[in-house]
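Architecture at a glance
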Amino acid sequence: MRTTTPRRWRSGTEPSTARSDLKLRYLLSLTFTPLFALSTVGFAVWAALSPADGAPSRGTLTGFAVALGLLTLFAAVDLVVVIRRRRTEL
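So, here is what we can say about the structure in this document. Keep in mind that this is a model prediction, so the values were computed, not measured.

In the contact formed by helix 1 (residues 22-49) and helix 2 (residues 58-89), the axes pass within 7 Å of each other and the chain directions differ by 155°. It follows that helix 1 is roughly antiparallel to helix 2 by the angle criterion. Crossing of helix 1 over helix 2 shows left-handed handedness. Broken down by class, the residue content of the contact of helix 1 with helix 2 amounts to 21 nonpolar, 7 polar and 7 charged.

Shown next, in the form of structure tokens:
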């Protein structure tokens, strides 16, 4: 009889049926999605209203706005995934 090897070897002591805490992920995504969105808008408005030779340059402020926009997108996608998984698993 031939035995099969697992696809991935587990490196830690976690159980083979370990799952992420959906309640915590839901709470964090629900908290940080609007926070990141508001911060994105704030930095974008600040970049638009700042003078060309201001202390934080427009490029720096735009970079922060883009980075926070990506974090907003990531948190929103995670929120959708968690909501879908909670509906099917709980």
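Let us now look at helix 1. Its 28 residues give helix 1 an end-to-end C-alpha distance of 40 Å, which sits within 8% of 40 Å, the value for a rise of 1.5 Å per residue. Among the residues of helix 1, L22, S29, T33, F36, T40 and A47 are the ones counted as buried. In this structure, the buried residues of helix 1 make contact with helix 2.

Quick notes on the rules
Residues numbered from 1 in each chain as written. Predicted model: local features only at pLDDT ≥ 70, side-chain atom pairs only at ≥ 80, totals over all residues. Heavy atoms only, no water. Axes fitted to C-alpha atoms, helices over the stretch in contact; angles between N-to-C directions. Helix = DSSP H or I, 4+ residues; strand = E, 2+ residues; numbered from the N terminus. Parallel < 35°, antiparallel > 145°, perpendicular 65-115°, else oblique. Left-handed = near helix turned anticlockwise from the far one by under 90°. Nonpolar A, V, L, I, M, F, W, Y, C, P; charged D, E, K, R; others polar. Expected span 1.5 Å × (residues − 1). Buried < 20%, exposed > 50% of the residue type's maximum accessible area, 1.4 Å probe, protein only. Contact = heavy atoms within 4.5 Å.

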